[in-house]
Amino acid sequence: MNYDVVIIGGGLAGLTAALHLNQSGFQVSVVEKNQYPNHKVCGEYVSNEVKPYLKNLGVDLDNMECPQIDTLQLSTHSGQSITAKLPLGGFGISRYELDAILYQNALVRNIPFFFGTATDIQFLNDNFHITVPGHQKLKAKWVIGAYGKRSILDKKLNRTFMSNKSPWLGVKCHYAYDDFPNNLVALHNFKGGYGGLSKTERGHVNFCYLTTFESFKNYKNVAEFNLKVVSLNPFLGQFLRNASPVFEKPISIAQVSFERKKPVQNHILMCGDSAGLIHPLCGNGMAMAIHAAKIASECIIQSKVQSRDFIEKAYAKRWKKEFRNRLWTGRQLQRLLISEFGANMAIRTVTKSEKLLRSMIRRTHGKPILV
Ligand SMILES: Cc1cc2nc3c(=O)[nH]c(=O)nc-3n(C[C@H](O)[C@H](O)[C@H](O)COP(=O)(O)OP(=O)(O)OC[C@H]3O[C@@H](n4cnc5c(N)ncnc54)[C@H](O)[C@@H]3O)c2cc1C
C-alpha cells in the first residue's frame, strides 16, 4: 500500500500530524500499537498554547468541560511551598480522552489506521518500506517517527540513547478527591522524585510522578513507596490519605529517557518524544509534541517544491530553534529540584520573587502556536 506519508505512532504528535497533512491534501496513514482509548503515564496538564492550532485542525476543546488551570503550586520535600499565577495557563484533560478525540477526528476524515507495532523501516530508492506484522508492507515517500519515548524502532535505528539505561520511572493513577481546586496544577517534590496533581475532564485528580529506580527499588510496590516515601511530602501525604483511587491499580513505565536525540534520523522526521522529551516538571511535553507535528507537517508540505535534503535540514533547524532551549532549561530545573537542598534553595529564591518563577515558566513554555 502506497502513501505520501506514513506516521508511526498515533499519540499526540502522530495524530496531529495526520490531521494537518490530511487537511493539506496528503495521502497519510497511521500505524499505532494500541487500540483507543487507553490510559498513558502523563501529568495531563496541557498548556493553552495548543488551543488555537488544534481548533484550526477541527478539534475544538472549548466544547469540553475541562478544568481551566491558571495557578501553579510548588513544594519542597518538607512542604515549604509557593503559589504563582501561570502566564498563559492550561487545562486538564486525560490522555484517555484527548488521544481518543483526535483519533475520532481522524476517522471522520477517513485517515487509515494500521493497528500493530511497526518493527522495521527501510529507506530504499527514495522511498520508505515499513513492516507492521499482520499487515501488508506499507510504502511511503515520507515517514514521521511519532512513536514516543522508546521503541523497538530506536534499537533498529541504532539511536545512541538506547545503549544507556535510564534511571527514571513514571507512575500514574486517577483519584476521586473533591477538595482539589479546579484551577490548580501542583508540583510536589519528594525524596528521589516529584509528582504533579491536577484535575481532569471527569473531575478526577490525576496524580502522576517521576522517580528514580534507585529510590523505588527498596520497596515492594507502588503502595508501599507511596506510603513510605511519597507521603513524606505533607501535601502528598494529605492527598494520598484522603483520596480514593479510581484505577484498579496504578499504571507505570520504566526507562524514561531525557537524553538528547536527533530530530531527523535515517531520513525519518522525528516528532514529539521520539525527537526529545522535556522533563515533565515543565508541563509542556504535550504542547511540544503537537507543535513539532505542525512543524514536520509544514516541512513535508514544502516537499512539493523542495528536495528531501532541503526539507530534512529545514525541519532540524526549526525543531532546534523552537525546542532546544526549553529542553536545556528543563534539564537544569530538574537537576536543581530533585535534590532536597536544591529544591529548598530554589523555592526560597522564587518565594522572594514571583517574577523569577514566571520567567522560569516562560523559558520552558512556548507562545500560542500561530495558525
Ligand atoms: C511522568 C510524566 C508526566 C508528564 N506530564 C506531562 C504534563 O503534565 N503535561 C505535558 O504537556 N506533558 C507531560 N508529559 C510529557 C508527555 O506525556 C509527552 O511529551 C507526550 O505524550 C508526547 O507525545 P508523543 O505523541 O510524542 O508520544 P506518545 O503520546 O507517547 O505517543 C506515541 C505513540 O506511539 C505508539 N508506538 C510506540 N512504538 C510504536 C511502534 N513501533 N509502532 C506503532 N506504534 C508505536 C504508542 O503506542 C503511542 O500511542 C509527561 C511525561 C511523563 C513521563
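Residues numbered from 1 in each chain as written. Predicted model: local features only at pLDDT ≥ 70, side-chain atom pairs only at ≥ 80, totals over all residues. Heavy atoms only, no water.

### Structural notes on the site of the ligand
Argument step 1. Around the ligand, the surrounding shell holds 34 residues, and the nearest of these are Glu32, Gly43, Tyr45, Arg95 and Asp273.
Argument step 2. The contact in question runs from a nitrogen atom of the ligand to an N or O atom on the backbone of Ala118, over 2.9 Å.
Argument step 3. For the shell around the ligand, the secondary-structure elements that each account for two or more residues are helix H1 (12-23), strand S2 (28-32) and helix H8 (285-301). (Near = heavy atom within 4 Å. Polar contact = N/O pair within 3.5 Å; in protein donor to acceptor, adjacent residues only side chain to side chain. Helix = DSSP H or I, 4+ residues; strand = E, 2+ residues; numbered from the N terminus.)

### Here we look at the packing of helix H9 (residues 308-338) against helix H11 (residues 354-364)
Argument step 1. Axis separation between H9 and H11 bottoms out at 8 Å; the angle between their running directions is 130°. Regarding the angle of H9 to H11, the classification is oblique. Every residue of H11 that contacts H9 at Arg326, Thr329, Gly330 and Leu333 is listed here: Met360, Arg363 and Thr364.
Argument step 2. Per-class residue counts for the contact of H9 with H11 are 2 nonpolar, 3 polar and 2 charged. (Axes fitted to C-alpha atoms, helices over the stretch in contact; angles between N-to-C directions. Parallel < 35°, antiparallel > 145°, perpendicular 65-115°, else oblique. Contact = heavy atoms within 4.5 Å. Nonpolar A, V, L, I, M, F, W, Y, C, P; charged D, E, K, R; others polar.)

### Re empty space enclosed by the protein
Rolled over the atoms, a probe sized like a water molecule indicates the empty space that remains.
Argument step 1. For the coordinates displayed, the defined rule picks out 3 cavities of 30 Å³ or more.
Argument step 2. Considering only enclosed or pocket space, the largest cavity measures out at about 60 Å³ in volume.
Argument step 3. Taken together, the elements giving at least two residues each to the lining of the largest cavity come down to H8 and H9.
Argument step 4. Per-element tally for the lining of the largest cavity: the top contributor is H8, with 4 residues.
Argument step 5. Its residues placed into classes, the lining of the largest cavity shows 7 nonpolar, 3 polar and 1 charged. (1 Å grid on protein atoms, 1.4 Å probe; cavity = no way out; pocket = protein on both sides within 12 Å on 5 of 7 lines; lining within 4 Å. Points joined across faces, edges and corners; volume = space filled by probe spheres on them.)

### Things to note about the UniProt feature "domain: FAD-binding" (unreviewed entry) in the chain
Argument step 1. When the UniProt feature table is mapped onto this chain, "domain: FAD-binding" (unreviewed entry) is found at residues 3-292.
Argument step 2. Between the end C-alpha atoms of residues 3-292 the distance is 21 Å, and the span holds 22% helix and 34% strand. (UniProt positions renumbered as here; feature names shortened; annotations may be inferred.)

### What about the pairing of strand S12 (residues 193-199)?
Argument step 1. Burial within S12 is extensive, with 7 of its 7 residues counted as buried.
Argument step 2. Here S12 shows two buried faces, one formed by Gly193, Gly195, Leu197 and Lys199 and the other by Tyr194, Gly196 and Ser198.
Argument step 3. Of the pairings in the sheet, the one linking strand S11 (residues 184-190) to S12 comprises 5 bridges and is antiparallel in character. Across the sheet, Leu187 pairs through a bridge with Gly196, a residue of S12.
Argument step 4. Direction of pairing for S12 relative to strand S13 (residues 205-212): antiparallel, over a ladder of 7 bridges. What sits directly across from Gly196, in S13, is Cys208. (Buried < 20%, exposed > 50% of the residue type's maximum accessible area, 1.4 Å probe, protein only. Pairing = 2+ DSSP bridges.)

### Details of the packing of H8 against H9
Argument step 1. Where H8 contacts H9, the two axes come as close as 9 Å, and the packing angle between them is 160°. If you check the angle between H8 and H9, you find them roughly antiparallel. The way H8 lies across H9 gives a crossing that is right-handed. Judged by residue contacts, Met288, His291, Ala292, Ile295, Ala296, Glu298, Cys299 and Ile300 of H8 engage Ile311, Ala314, Tyr315, Arg318, Trp319, Glu322, Phe323, Arg326 and Leu327 from H9. (Left-handed = near helix turned anticlockwise from the far one by under 90°.)

### A short note on the packing of aromatic side chains
Argument step 1. Per the stated rule, a full pass over the model turns up 19 aromatic pairs.
Argument step 2. Measuring from centroid to centroid gives 6.1 Å for Tyr103 and Phe115, while their planes differ by 80°, and the two rings are edge-to-face. On the criterion of sequence distance, the pair formed by Tyr103 in helix H3 (residues 95-108) and Phe115 in strand S6 (residues 113-115) is long-range, its members being 12 residues apart.
Argument step 3. Note on Tyr103: relative accessible area 13%, which makes it buried.
Argument step 4. Overall, Phe115 belongs to the partly exposed group, its relative accessible area being 22%.
Argument step 5. Arranged with centres 4.8 Å apart and planes meeting at 50°, the rings of Phe123 and Phe128 form a pair that is tilted.
Argument step 6. Aromatic ring contacts, followed pair by pair, group Tyr175, Tyr177, Phe190, Phe207, Tyr209, Phe216, Tyr219, Phe225 and Phe239 into a single cluster.
Argument step 7. The ring of Trp142 carries Arg308 above its face, with NZ or CZ at 4.5 Å from the centroid. (Phe/Tyr/Trp six-rings, centres within 6.5 Å; stacked < 30°, edge-to-face > 60°. Lys NZ or Arg CZ within 6 Å of the ring centre and 35° of its normal.)

### A short note on the nonpolar core
Argument step 1. Core analysis: the biggest nonpolar cluster contains 101 residues, and Val5, Ile7, Ile8, Ile130, Ile144, Cys271 and Tyr315 have the highest contact counts within it.
Argument step 2. A total of 11 residues in this core trace back to one element, the largest contributor, which is H8.
Argument step 3. Residues in contact with Val5, not counting those within four places in the same chain, are Leu21, Phe26, Gln27, Val28, Ser29, Ala140, Trp142, Ile144 and Ile300.
Argument step 4. By size, the runner-up hydrophobic cluster in this structure holds 23 residues, among which are Ala186, Phe207, Leu236 and Phe239. (Core = buried A, V, L, I, M, F, W, Y, C linked by side-chain atoms within 4.5 Å.)

### Description of the pattern of salt bridges
Argument step 1. Under the defined criterion, the tally for this structure stands at 16 salt bridges.
Argument step 2. The salt bridge involving Lys172 is made with Glu44; its shortest N-O contact spans 2.3 Å. Here the residue Lys172 occupies a position in strand S10 (residues 168-176), and Glu44 occupies one in the loop between S2 and strand S3 (45-47), the gap between them amounting to 128 residues.
Argument step 3. Taking the relative accessible area as the measure of exposure, Glu44 reaches 0% and is therefore buried.
Argument step 4. Across the pair Asp309 and Lys313 runs a salt bridge whose closest N-O atoms are separated by 2.9 Å. Here Lys313 and Asp309 lie together in helix H9, a separation of 4 residues that amounts to about one turn.
Argument step 5. If you follow the salt bridges from partner to partner, you end up with Lys40, Arg95 and Asp99 in one network. (Salt bridge = Lys/Arg side-chain N within 4 Å of Asp/Glu carboxyl O.)

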